[in-house]
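Observations on the model geometry
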Amino acid sequence: MIQGTFSQRAMACAAAAVLAASMLLAGCASSAPAESGETAPEPAVTAAGSVTFVDDTGTEVTVDNPQRVVACMGSFASVWELAGGILVGASDDAFTLSNYDLTSENVQKVGDFSNPNLESIIALEPDFVIMTSGTGGRGGNSSQAELKAAIEASGIPVACFQVTTFDDYLRMLRTCCDITGRDDLYQKNGQETADRVEAVKAKVPADKSSTALVLTTYSGGTRVQSSSTMTGAMLADLGVKNLADENRSLLKDFSLESVIEMNPDFIFVVPMGNDNAAAMKALEDQTAANPAWATLSAVENGRYITLDPHLFQYKPNERWDQSYQVLFDALYA
């Protein structure tokens, strides 16, 4: 009975998709996938109330007032709610590894973001699924591409986003608010946050420059972050020179000797994984055994700083300005 119900629904969704496509060809507003180097067009609202936009994979997606949404990443679940949307399902990290405090009622878990469960998602009969197009994970890799294809084959609209920087967050929030029709929430959770971020950046002294390294540590080892990462990008916005940008080999293999040779002014550490204590112990085991570690400028001057994962590992969304402020205070206060 359940399979029969789903089959009927899938056929109905497919028919609706065909109808929507023909309406678009007949002249409803839409946007084409952005070509390389071009800016993706703004989401287009049709007379029927549907919204067509291009996601971060260059795929054109059309949704029509979705009310049963599944988000396959905790931060994306939060963004959808910040845009005024309703969730029926979310990946486990929305509940266990972050403090997003989802407000939708009876949200069901659909598995870890690195391996969401297709059956759990389909059973919720979603009318829109939000996924990540990124491949980085907590000490490993995550790719939802195969799952995306299976969901789309069931006639369910899927959009993929990749959020690393604050600007990425604003772009995703803008799209979600266009879908929900809540421009007021974009102003509250997007523009007002952006204004506060700009206020922090405006306080950066023009006559000061510092060097830094950003380390993510987990029970299995340590990684160094470049300026293209979340924390690295914020430090760049705050006038800091990331030494890993000049020593790309560090990004593949953590080298204590290289860190000691570069002697950064600041070392920022982000614990990663389910056990912060185990993550920090792993880093200590790698560094404390070498007496030269204690002679580093950052260690001697109290500039070896552990950052809160809720602000620097999981996306802070509407609290992004707090992440900027924490870094500013460490650098210039």
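For the structure, check the block above.
What comes next concerns the included structure. (Residues numbered from 1 in each chain as written. Predicted model: local features only at pLDDT ≥ 70, side-chain atom pairs only at ≥ 80, totals over all residues. Heavy atoms only, no water.)

Things to note about the overall build of the protein
To be explicit about the condition: Only DSSP runs of H or I with at least four residues qualify as helices, and only runs of E with at least two residues qualify as strands; both kinds are numbered from the N terminus onward. Under the scheme applied here, a residue whose accessible area is under 20% of the maximum for its type counts as buried, over 50% as exposed, and between as partly exposed, the area being computed with a 1.4 Å probe on protein chains only. We call two residues in contact whenever any of their non-hydrogen atoms come within 4.5 Å of each other. Each accessible area value is a Shrake-Rupley result obtained with a 1.4 Å probe; residue values ignore everything except the protein chains displayed when judging cover.
Looking only at helices and strands, the protein has 13 helices and 13 strands in total. Considering the protein as a whole, with its 333 residues, one finds that 47% of them fall into the buried category. Long-range pairs, those at least 24 residues apart, make up 63% of the contacts in the protein between residues at least 6 apart in sequence. When the accessible area of the protein is evaluated, it comes to approximately 15600 Å², of which 49% is carbon and sulfur surface.

Let's talk about the packing of helix 2 (residues 74–82) against helix 6 (residues 166–180)
This is how it is decided: Only the stretch in contact is used when a helix axis is fitted, and all axes are lines through C-alpha atoms; the angle between N-to-C directions ranges over 0 to 180 degrees. Roughly parallel means an angle under 35 degrees; roughly antiparallel means over 145; roughly perpendicular covers 65 to 115; every other angle is labelled oblique. Each crossing gets its hand from how the near helix is turned against the far one by less than a right angle, where anticlockwise is left-handed and clockwise is right-handed. We call Asp, Glu, Lys and Arg charged. Ala, Val, Leu, Ile, Met, Phe, Trp, Tyr, Cys and Pro are nonpolar, and the rest, Gly among them, are polar.
Contact pair helix 2 / helix 6: the axes reach a minimum separation of 8 Å and the direction vectors enclose 45°. Considering their axes alone, helix 2 and helix 6 lie oblique with respect to each other. Note that helix 2 runs across helix 6; the crossing there is right-handed. On helix 6, the residues touching Phe-76, Val-79, Trp-80 and Leu-82 of helix 2 are Tyr-169, Met-172, Leu-173, Cys-176, Ile-179 and Thr-180. Broken down by class, the residue content of the contact of helix 2 with helix 6 amounts to nine nonpolar, one polar and no charged.

Some remarks on helix 13 (residues 320–332)
Each turn of an α-helix holds 3.6 residues, which means side chains three or four residues apart point in the same direction. Inclusion rule: Given a helix with a known number of residues, its expected span is that number minus one, times 1.5 Å. Taking the helix axis as origin, the arc is that swept by the directions to the C-beta atoms.
Between the first and last C-alpha of helix 13 there are 18 Å, a value that for 13 residues agrees with the 18 Å anticipated at 1.5 Å per step. Buried within helix 13 we find Trp-320, Asp-321, Ser-323, Tyr-324, Leu-327, Phe-328, Leu-331 and Tyr-332. Along the axis of helix 13, the buried residues cluster in a sector spanning 155°; they form a single face. Buried residues belonging to helix 13 abut helix 6, helix 7 (183–202), helix 8 (230–237), strand 11 (240–242), strand 12 (266–271) and helix 12 (309–312).

Points about the packing of aromatic side chains
For clarity, the threshold we go by: In summary, the pairing rule links any two rings of Phe, Tyr or Trp, Trp by its six-membered ring, whose centres are within 6.5 Å, and it sorts them by plane angle into stacked for under 30 degrees, edge-to-face for over 60 and tilted for everything else.
Under the definition given, this model contains nine aromatic pairs. Ring geometry for Trp-80 against Phe-128: centres 5.8 Å apart, planes inclined by 70°, an arrangement best described as edge-to-face. With Trp-80 in helix 2 and Phe-128 in strand 7 (residues 128–132), this residue pair connects regions lying 48 residues apart in the sequence. Overall, Phe-128 belongs to the buried group, its relative accessible area being 1%. Ring geometry for Phe-266 and Phe-268: centres 5.8 Å apart, planes at 5°, overall stacked.

Topic: the sheet that holds strand 8 (residues 158–161)
Inclusion rule: The pairing criterion is simple: DSSP has to find at least two bridges between the two strands.
Read from one edge to the other, the open sheet built from five strands follows the order 6-5-4-7-8, with strand pairing classed as parallel. If you trace the sheet from one side to the other, it starts and ends with strand 6 (108–109) and strand 8, each paired once. Note: strand 7 against strand 8, four bridges, orientation parallel. Within the sheet, the bridge partner assigned to Met-131 lies in strand 8 and is Cys-160.

Let's talk about helix 2
Burial analysis of helix 2 places nine of its nine residues in the buried class, which makes it a mostly covered element. Buried within helix 2 are the following residues: Gly-74, Ser-75, Phe-76, Ala-77, Ser-78, Val-79, Trp-80, Glu-81 and Leu-82. Note on helix 2: the residue one or two positions beyond its end, Gly-84, has a positive phi of about 90°.

Quick look at the pattern of salt bridges
Stated precisely, the cut-off is as follows: By definition here, a salt bridge exists when the distance from a side-chain nitrogen of Lys or Arg to a carboxyl oxygen of Asp or Glu is within 4 Å.
The final tally for this structure, using the stated rule, is ten salt bridges. A salt bridge links Asp-183 to Arg-174; its shortest N-O distance comes to 2.9 Å. Taking the relative accessible area as the measure of exposure, Asp-183 reaches 37% and is therefore partly exposed. We note a salt bridge from Arg-248 to Asp-245, for which the minimum N-O separation is 3.8 Å. Put simply, Asp-56, Asp-168 and Arg-171 are held in one network by salt bridges that share partners.

Side note on the packing of helix 7 against helix 13
Taken N-terminus to C-terminus, the directions of helix 7 and helix 13 make an angle of 10°; their axes are 8 Å apart at the nearest point. On the basis of the axis angle, helix 7 is roughly parallel to helix 13. Residues Thr-193, Arg-196, Val-197, Val-200 and Lys-201 of helix 7 pack against Trp-320, Asp-321, Tyr-324, Gln-325 and Phe-328 of helix 13. The class makeup of the residues in the contact of helix 7 with helix 13 is five nonpolar, two polar and three charged.

Observations regarding the environment of Asp-245
Stated formally: We call two N or O atoms a polar contact when they sit within 3.5 Å, provided that within protein one can donate a hydrogen and the other can accept it, with sequence-adjacent residues counted only if both atoms are side-chain atoms.
Looking at where Asp-245 falls in the secondary structure, it is placed in the loop between strand 11 and helix 9 (256–262). In this structure, the C-alpha to C-alpha distance between Asp-245 and Gln-225, residues 20 residues apart in sequence, is 8.8 Å. A distance of 2.5 Å separates a polar atom in the side chain of Asp-245 from a polar atom in the side chain of Ser-227.

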